[in-house]
Amino acid sequence: MPGSTKVRELDAVVIGAGFSGLFMNHRLRDTLGLDVQVIEAGSDVGGTWYWNRYPGARCDSEAYMYCFGFDRDLMQQWEWSGKYPEQPEILRYLGHVADRFDLRRNTSFNTRVRSAHFHEESNRWDVETDAGERYRSRFVITAIGCLSTGQIPDFRGRDTFTGEAYHTGAWPHEGVDFAGKKVAVIGTGSSGVQSIPVIARQADHLTVFQRTPQYMIPARHGNVDKAVLDEIKKEYDTIYDKARHSTGGFPYDVQDRSAFDVEDAERRRILEEGWEMGGFKFMFSTFSDLRTSLTASELAGEFIRGKIRETVNDPELAQKLLPLDHPFGSKRILIDTDYFETYNRDNVELVDINAEPIVEITETGITAGDTHHDVDVIVYATGFDAMTGSFNRIDIRGLDGQRLKDKWAAGPRTYLGLTSAGFPNLFMITGPGSPSVLSNMPISIEQHVEMISGIVSHLDRNELELIEAEVRAEDAWVEHVNEVAEPTMFMHANSWYLGANIPGKPRVFMPYAGGVGAYRQHCDKVVANGYEGFTLSPGSVKA
Ligand code: FAD
Ligand code: N01
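Residues numbered from 1 in each chain as written. Chains lettered and ligands numbered in written order. Predicted model: local features only at pLDDT ≥ 70, side-chain atom pairs only at ≥ 80, totals over all residues. Heavy atoms only, no water.

Draft legend 1. The arrangement of the site of ligand 2 in detail. Among the 24 residues in the neighbourhood of ligand 2, the closest are listed as Thr188, Ser191, Gln194, Arg211 and Thr212. The separation between a nitrogen atom of ligand 2 and a polar side-chain atom of glutamine 151 is 3.4 Å. A distance of 2.8 Å is found between an oxygen atom of ligand 2 and a side-chain nitrogen or oxygen belonging to arginine 211. Taking 910 Å² as the accessible area of ligand 2 by itself, protein coverage stands at 89%. Taken together, the residues of the shell around ligand 2 sort by class into nine nonpolar, ten polar and five charged. When we break the shell around ligand 2 down by domain, the ones giving at least three residues each are domain 1 (7-149 + 386-537) and domain 2 (152-214 + 331-383). (Near = heavy atom within 4 Å. Polar contact = N/O pair within 3.5 Å; in protein donor to acceptor, adjacent residues only side chain to side chain. Areas by Shrake-Rupley, 256 points an atom, 1.4 Å probe, with all protein chains shown as cover. Nonpolar A, V, L, I, M, F, W, Y, C, P; charged D, E, K, R; others polar. Domains from an automatic or database assignment.)

Right under this line is the structure:
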């Protein structure tokens, strides 16, 4: 109802239609029978996989775990083609889920939520969109994603460039033709690392602007043998159970040996074995202390630097690609296919912007140090205003008109990454303070959705109206989140986990590093203890 001022009364507004919004919609609408409206900025479902269509985009969770586990038939019937499917296949999967459960029918697409204000007289949330839709709803659930607000650095002259410019997280649906063109990629995080080898094969010339060299583990991508997948499917219950109680949301066997429990030759053999397996298994199935011990992490780091030196033919270039300023595991682990091999191509050039800083973007290209690089296309693989960026783009106001943005000015404060004190009946799926981005996310998303549905039905069964996090419980949770992050490698790098990629953003470690299993236990205990840390009330929470 674009332009309309009519207010629609609802039980729940769900913002976002990616993995989180799809499952939340299904649970609230189809399992609990609520009147739900989903609002999605994109023109279709998919979230991350709708927006990130850059060449080479694929998941790095193994596909058989990068999907929903809530519906047995869906799990048994869907067939993944490979270990790490590409973006179109994942988008097809999410489209299939939407079709299967008819999840588009109560979704407003091409519509962005601008504001959500809690109305204390009615105990309802007033929600407004940029299409003029207005809702008054008992619950609001943000399913807005941790990595859904792209960031393009404010380089001098950025808007004067007359060629084509794209951010990886808002890629044109029709694709980009790189043939015969000179291309620049700025950024060598996961998006840059996935796209650089593919763009290098298509473009006439590629210049990569690198700020921080990264550690990478080979993906060992390949097609999945149907027989192997069928075996996995037979064991899905056990596999999922293991993943749900693991550290990272994967069903991998975790070693409890330290990197120092073995002699040098044995350590080398184990790391080689992890390297051959590829992907996150290198982290989880080799040694237990790569995430927590600087010296253990350094052993793995040096192992990886050795692989880079072996792969890149030009020793001077290899030196520029070596990660030396942060320990392995302190930034998001990157899983690559042919990344370092790409630098052996004649049409690929690396600019180390620490030595030659980007001075400005001109009409025709990029000036770094004293050199001007003429390009036809600039690809910004410069990441996201992660975890809080999409919250800050919505004017969310709770009790007494308090703005969430103001409350979080010094860093996000939540109870369980699920709710924030002063914002009754507002739930966050994978909010800051939950394992979210440190896990295989569908596992974390499903746990949050189940917990939120559990809360909603508890309120209804007990004729309660509102739930709000207690300040004391929230403070204790924030302290716990900091405590578990403190001994990890994550505190030793400038990463987006800490907000370091956004100028002026408070340096606070945002996700919960205690692991999905430990987190689940906390949540289960909270529920078993009658929603400990929450105030549940039949009417006004102010009374
Ligand atoms: P999203 O998929 O981000 O969906 C959020 C939706 O909310 C978006 O569609 C957005 O348009 C919408 N939205 C936001 N704000 C508003 C608003 N104000 N109004 C209306 N709509 C709004 N995780 C893994 O576990 N494994 C992986 O292999 C993996 N690969 C990734 C690859 C890429 C390229 C990226 C960027 C992320 C990857 N992730 C991966 C993380 C990924 O974001 C999650 O796995 C998952 O897709 C998140 O789902 P979501 O529904 O919570 O959020
Ligand atoms: O973003 P990033 P991303 N000047 O922030 C550089 C998920 N994901 O889109 O490292 C120059 O990681 C920045 O440099 P530095 C995954 O969770 C998963 O790649 O900050 N350079 C970095 O090199 C991932 O972690 C997959 O020094 C600047 C790059 O830009 C998250 O999404 C694929 C700069 C940004 O890297 C984000 O990944 C894609 C500046 N001003 C994404 N600002 C999978 O494979 C930033 N940079 C599953």
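Alright, that's what it looks like, and here's the rest.
Draft legend 2. Structural context of the site of ligand 1. Taken together, 31 residues form the shell around ligand 1, and within it Ser20, Glu40, Asp60, Tyr66 and Met441 come nearest. In the environment of ligand 1, a nitrogen atom lies 3.1 Å from a nitrogen or oxygen atom belonging to the backbone of alanine 41. Contact between ligand 1 and threonine 48: an oxygen atom at 2.7 Å from a main-chain N or O atom of the residue. Taken by itself ligand 1 offers 970 Å² of open surface, and the protein chains cover 95% of this. Put simply, the parts of the chain that give the shell around ligand 1 at least two residues each are helix H1 (19-31), helix H2 (48-51) and helix H14 (441-461). In terms of residue count, the dominant contributor to the shell around ligand 1 is H2 (three residues). The class makeup of the residues in the shell around ligand 1 is 16 nonpolar, twelve polar and three charged. (Helix = DSSP H or I, 4+ residues; strand = E, 2+ residues; numbered from the N terminus.)

Draft legend 3. Region of interest: helix H7 (residues 236-244). Taken as a whole, H7 has its buried residues at Tyr236, Ile239, Tyr240 and Ala243. Along the axis of H7, the buried positions cluster into a sector of 95°, meaning they face one direction only. Looking at the buried positions of H7, the neighbouring elements they touch are helix H3 (72-77), helix H6 (226-234), H14 and helix H16 (516-528). (Buried < 20%, exposed > 50% of the residue type's maximum accessible area, 1.4 Å probe, protein only. Arc of directions from axis to C-beta. Contact = heavy atoms within 4.5 Å.)

Draft legend 4. Expanded view of the pattern of salt bridges. Evaluation of the coordinates by the stated rule reveals 39 salt bridges. Between arginine 29 and aspartate 30 there is a salt bridge, and its shortest N-O distance comes to 2.7 Å. Accessibility expressed as a relative area gives 9% for arginine 29, which makes it buried. Aspartate 30 gets classed as partly exposed once you look at its relative accessible area, which sits at 34%. With its nearest N and O atoms 3.0 Å apart, the salt bridge here joins glutamate 272 to lysine 307. With a gap of 35 residues between them, glutamate 272 in helix H8 (residues 264-277) and lysine 307 in helix H10 (residues 294-311) connect regions that are remote in the sequence. Through salt bridges with shared partners, a single network forms among Glu79, Lys226, Asp230 and Lys233. (Salt bridge = Lys/Arg side-chain N within 4 Å of Asp/Glu carboxyl O.)

Draft legend 5. Quick peek at the sheet that holds strand S7 (residues 164-167). Read from one edge of the open sheet, five strands run S7-S16-S8-S9-S12, paired in parallel fashion. Strands with a single pairing partner mark the edges of an open sheet, and in this sheet they are S7 and strand S12 (348-352). Adjacent strand axes in the sheet meet at a mean angle of 15° when their direction is disregarded. As defined by bridge partners, strand S8 (residues 182-186) adjoins strand S16 (residues 377-380) across four bridges and the pair is classed as parallel. (Pairing = 2+ DSSP bridges. Axes fitted to C-alpha atoms, helices over the stretch in contact; angles between N-to-C directions.)

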